[in-house]
Amino acid sequence: ATWSAPSRAPSLVDTAPAPGRSRTRPPFRTSGGGRRRHHGCPPSHPTIRRDSMPTPSPPPLPPLPPPRWRAGELLRRVRLTIARGGRAAGFGEAAVVRREPEVESRACRICMEDDGPGFDLLTNVCACRGSLRFLCTSCLLKAWEARGEDNKADLSCRVCYQPFVGRAQELLSKQLRADVREQEAAKPQPSSEEEINRCKQKIAVATKLWQQCSYTEAALLFGECIAKLSGIPCGRNFELTARHNLALVLHAQGQHEGALIHAKAAHEAFGATFGAEHALTLKAAHNEAMICADAGQKPQARACYEATLGIRRRVLGAEHVDTLKTSVNLGQLLVSLGEAEKGEQLLRETMLSMERVLGRHHPLALLTLQNLSIAISARATQEGKPVPFEAVELAREALEGRQRTIGDDNVETLEGRRDLGNVLAASGKIEEAEENLRQALAGMERVLGFSHPKTKEVLSRLRSLLETHGDADRARLLLEEHGQSQAVSGAKEVVAPRPERGVIVLVILSLFVAADDRRCGLARAAVAHWKALAQELRAQCVEVEVPEEALDALAFFAACGFKEAKVAAATPPVCPVRRRRLCIELG
């Protein structure tokens, strides 16, 4: 089966007459200068122009309602020709439609106040879904204050039990830090129990500082907690937590050797204290594998990731958040080891679970989209094929989601811009790739500094891109600016992310196979082509409407994996024929 589709969405022109316009004959014409004389009248009789005669206009026709599948913006039509043995054996047609986003009520889940002027409403700051994902800053701080001093170090949502992210994380960590300073000023000489509680809160603050890229402050706080807890017998577990998190700070600063020493020590201590299958032991093993991978010890990292993933699937479950984290990192490592196909498959499976558990806008889901775009691009490059459109769009979605959630100057956002530049370069969009790499380099120079390994990595990638395309002078200027600790030139201002739009759906309009060529797999091949196209266009699902009396067609699409879909009551049918809407969800 063969199919053809334009690489870009064409402009669609409606050739039918506009609603209300009648098709009338053109104005009456003669060869005598456009005038006509009535027979039997003298030449001096006044002439009458045809176009000035009053003619009654027909009443306008009411416009027909759009077809039910056109509920949204039509992006493109796809016509498919099915061939067998060098001759046409059938045809099909489909449409790609962007559905309008659902209008939802934006109100705080606690005070139920609506979003309006002067009302600071947070969105997607935890893993809660639906109306529970809206939370105002006032209720956030009040609920946190009501926890009591012993539980303030826990900066997680009490509904989904996942850590707060984005602005909620910043607000709570800032308030917690202020509370710790007040406690130290009020009572400089605390008891052992009070000191442990203070250190627990400082560890939480330092962890959030690390996540907000304040590495120096985080390292100082962790070191202070380690020094105080080492002299308290009951504070051994919190000391190990501080050492473990300090390893992550050193890793973020590019000090892989020191980070690996602390990570291995924490892993061994947690294992000896709690056992090999305890949550803290598995977390330490996961982070040790991550540091090994960035330190160049990829075979050891792979073995550690696979062992940790197996235990987490057995102990925590396949869709636990910690299990999904290990699965994402393992998929990324497989891509870097040259096994792009295996890594892509693992990342796609993980993304399906991620959307069910956390939603598509959660930071961990955005990280998965980012790694999936890299895997798709790497696989196409290994197979000598053009980079699919899906890879670029996934990288854009991950970057824009992080811009909305954690801001433009966060390291994870800058890494997303770097990876978008790499995917654009692989797909041949050199100018846009250079623009994104320059913006990423400028941000990393500002946030991480000129000597950080991640900054140098982006610098090397941008220099290689310029030299590969014959721009050695600009590559030399780039190195000179960096050597003198000058901000990279030519970096454009970062554009705000696009507003969230509705989902894309591919709708099958027609599918026909000649009687002599049926039951040969041709129709299934056509459906497989449409599913592949929908996957590339990042469509949410493939839909088809079948008359209820067409039992063979219903059975065919059911065998292809289609299921009954819910139809909104506000979409009236165009014709009285009763139809059933079937769909198949895509990952």
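Only a predicted model underlies this, so the values are computations on that prediction, with no experimental measurement involved.

## Looking at the overall build of the protein
Phase 1 of the analysis: Along the backbone of the protein there are 18 helices and nine strands.
Phase 2 of the analysis: The buried share of the protein, taken over its 587 residues, is 42%.
Phase 3 of the analysis: Within the protein, counting contacts between residues at least 6 apart in sequence, those at least 24 apart form 64% of the total.

## Concerning the packing of aromatic side chains
Phase 1 of the analysis: Scanning the entire structure with this criterion turns up four aromatic pairs.
Phase 2 of the analysis: With a centroid separation of 5.3 Å and 80 degrees between ring planes, the pair formed by Phe-557 and Phe-562 is classed as edge-to-face. Accessibility assignment for this pair places Phe-557 and Phe-562 in one class, buried.
Phase 3 of the analysis: Put simply, the rings of Phe-556, Phe-557 and Phe-562 pair up and form one aromatic cluster.
Phase 4 of the analysis: Lying across the ring of Trp-144, Lys-152 places its NZ or CZ 4.9 Å from the centre.

## Observations concerning the confidence of the model for the protein
Phase 1 of the analysis: Counting all residues, the mean pLDDT for the protein is 82, and 84% of those residues have values of 70 or more.
Phase 2 of the analysis: Segment residues 1-53: pLDDT under 50, and 44 contacts once partners within four positions in sequence are set aside and those in other chains are kept.
Phase 3 of the analysis: This model gives residues 568-574 a pLDDT under 50, and the stretch forms five contacts once residues within four places in sequence are excluded.

## Quick notes on the nonpolar core
Phase 1 of the analysis: Ranked by size, the top nonpolar core spans 104 residues in total, and within it Leu-140, Phe-164, Tyr-215, Phe-222, Met-354, Leu-441 and Leu-478 carry the most contacts.
Phase 2 of the analysis: Residue contributions to this core peak at eight residues, all from helix 11 (residues 363-382).

## Digging into the side chain of Glu-543
Phase 1 of the analysis: Residue position: Glu-543 is located in strand 7 (residues 541-547).
Phase 2 of the analysis: Glu-543 gets classed as buried once you look at its relative accessible area, which sits at 9%.
Phase 3 of the analysis: Among the polar contacts listed, one links the side chain of Glu-543 to the side chain of Arg-99, at a separation of 2.7 Å.

## A closer look at unusual backbone geometry
Phase 1 of the analysis: One non-glycine residue, Met-112, adopts positive backbone phi at about 65 degrees.
Phase 2 of the analysis: Mapping Met-112 onto the fold places it in the loop between strand 3 (87-98) and strand 4 (121-123).
Phase 3 of the analysis: At Ser-485, a residue that is not glycine, the phi angle is positive and equals roughly 55 degrees.
Phase 4 of the analysis: Looking at the element boundaries, Ser-485 is found in the loop between helix 16 (472-483) and strand 6 (504-513).

## What to know about the packing of helix 9 (residues 321-336) against helix 10 (residues 340-357)
Phase 1 of the analysis: Contact geometry for helix 9 and helix 10: axes closest at 8 Å, N-to-C directions at 155 degrees. The angle between helix 9 and helix 10 falls in the class roughly antiparallel. For helix 9 against helix 10, the interelement crossing comes out left-handed. For the pair helix 9 and helix 10, the contacting residues are Val-321, Leu-324, Ser-327, Val-328, Leu-330, Gly-331, Leu-334 and Val-335 in the first and Ala-340, Lys-342, Gly-343, Leu-346, Leu-347, Thr-350, Ser-353, Met-354 and Val-357 in the second.
Phase 2 of the analysis: For the contact of helix 9 with helix 10, a count of residues per class yields eleven nonpolar, five polar and one charged.

## Structural notes on helix 2 (residues 166-186)
Phase 1 of the analysis: Compared with the 30 Å implied by 1.5 Å per residue over 21 residues, the 31 Å span of helix 2 between its first and last C-alpha is a close match.
Phase 2 of the analysis: Where helix 2 is buried, its residues touch strand 4, helix 1 (137-145), helix 3 (192-211) and helix 12 (389-406).

## Looking at the packing of helix 11 against helix 13 (residues 411-426)
Phase 1 of the analysis: Helix 13 packs onto helix 11 with a crossing angle of 20 degrees between their chain directions and a minimal axis gap of 10 Å. In this view, helix 11 runs roughly parallel relative to helix 13, as classed from their interaxial angle. Every pair of crossing elements has a handedness; the one defined by helix 11 and helix 13 is left-handed. Residues Gln-370, Ser-373, Ile-374 and Ser-377 of helix 11 form the contact with helix 13, whose own contacting residues are Glu-415, Gly-416, Arg-418, Asp-419, Val-423 and Ala-426.
Phase 2 of the analysis: In the contact of helix 11 with helix 13, the residues fall into three nonpolar, four polar and three charged.

## Considering the pattern of salt bridges
Phase 1 of the analysis: Evaluation of the coordinates by the stated rule reveals 44 salt bridges.
Phase 2 of the analysis: The residue Glu-319 makes a salt bridge to Arg-356 at a minimum N-O spacing of 2.5 Å. Of the two residues, Glu-319 sits in the loop between helix 8 (298-315) and helix 9 while Arg-356 sits in helix 10, which places them 37 residues apart along the sequence.
Phase 3 of the analysis: Note that Arg-418 and Asp-419 form a salt bridge whose closest N and O atoms lie 3.1 Å from each other.
Phase 4 of the analysis: Look at Arg-418 and you get buried, because its relative accessible area is 12%.
Phase 5 of the analysis: Residue classification places Asp-419 among the buried positions, given a relative accessible area of 6%.
Phase 6 of the analysis: Ionic contacts of the salt-bridge type, sharing partners, join the residues Glu-341, Glu-344, Arg-348, Arg-379, Glu-383, Lys-385 and Glu-390 into one network.

## Here's the deal with the environment of Thr-241
Phase 1 of the analysis: Here Thr-241 shows up in helix 5 (residues 236-252).
Phase 2 of the analysis: Under the relative-accessibility criterion, Thr-241 is labelled partly exposed at 23%.
Phase 3 of the analysis: Taking the C-alpha atoms as reference, Thr-241 lies 9.2 Å from Ile-226; in sequence the two are 15 residues apart.
Phase 4 of the analysis: Excluding its chain neighbours within four sequence positions, the residues that come into contact with Thr-241 are Ile-203 and Phe-270.

## What to know about helix 15 (residues 453-468)
Phase 1 of the analysis: Over its 16 residues, helix 15 runs 22 Å from end to end, which matches the ideal 22 Å to within 8%, given 1.5 Å per residue.
Phase 2 of the analysis: Positive backbone phi, approximately 70 degrees, marks Gly-470, located one or two places after helix 15.

The rules we used
Here the residue numbering is sequential within each chain, running from 1 through the sequence in written order. Given that the model is predicted, a residue must reach a pLDDT of at least 70 before its local features are reported, and side-chain atom pairs must reach 80 or more before they are shown or counted; all residues, however, enter totals for whole chains, interfaces and linings. Computation of side-chain values covers all heavy atoms of the structure but excludes hydrogens and water. Only runs of H or I of at least four residues qualify as helices and only runs of E of at least two qualify as strands under DSSP, and these elements are numbered from the N terminus. Think of it in three bands: residues with accessible area under 20% of the maximum for their type are buried, residues over 50% are exposed, and the middle band is partly exposed, with areas taken using a 1.4 Å probe on protein chains only. We call two residues in contact whenever any of their non-hydrogen atoms come within 4.5 Å of each other. Classification of ring pairs rests on two measures: the distance between centres of Phe, Tyr or Trp rings, Trp counted by its six-membered ring, which must be within 6.5 Å, and the angle between planes, read as stacked under 30 degrees, edge-to-face over 60 and tilted in between. Think of it as a cone above the ring: NZ of Lys or CZ of Arg counts as a charge over the ring if it is within 6 Å of the ring centre and within 35 degrees of the ring normal. The pLDDT value expresses, per residue, how confident the predictor is, ranging between 0 and 100. Side-chain atoms within 4.5 Å link the members of a nonpolar core, which is a set of buried Ala, Val, Leu, Ile, Met, Phe, Trp, Tyr and Cys residues. In the analysis that follows, any N or O atom pair within 3.5 Å is treated as a polar contact, provided that within protein one partner can donate a hydrogen and the other can accept it, and provided that, for residues neighboring in sequence, both atoms belong to side chains. What counts as an axis is a line fitted to C-alpha atoms, over the stretch in contact for a helix, and the angles between N-to-C directions run from 0 to 180 degrees. Roughly parallel here means an angle under 35 degrees, roughly antiparallel means over 145, roughly perpendicular means 65 to 115, and every remaining angle is called oblique. Handedness of a crossing is defined here by the sense of rotation of the near helix relative to the far one, left-handed for an anticlockwise turn of less than a right angle and right-handed for a clockwise turn. Note that Gly is not counted as nonpolar here; it falls among the polar residues with everything else outside the nonpolar set of Ala, Val, Leu, Ile, Met, Phe, Trp, Tyr, Cys and Pro and the charged set of Asp, Glu, Lys and Arg. Expected span of a helix, by definition, is 1.5 Å for each gap between consecutive residues, and there is one gap fewer than residues. By definition, a salt bridge exists where a carboxyl oxygen of Asp or Glu is found within 4 Å of a side-chain nitrogen of Lys or Arg.

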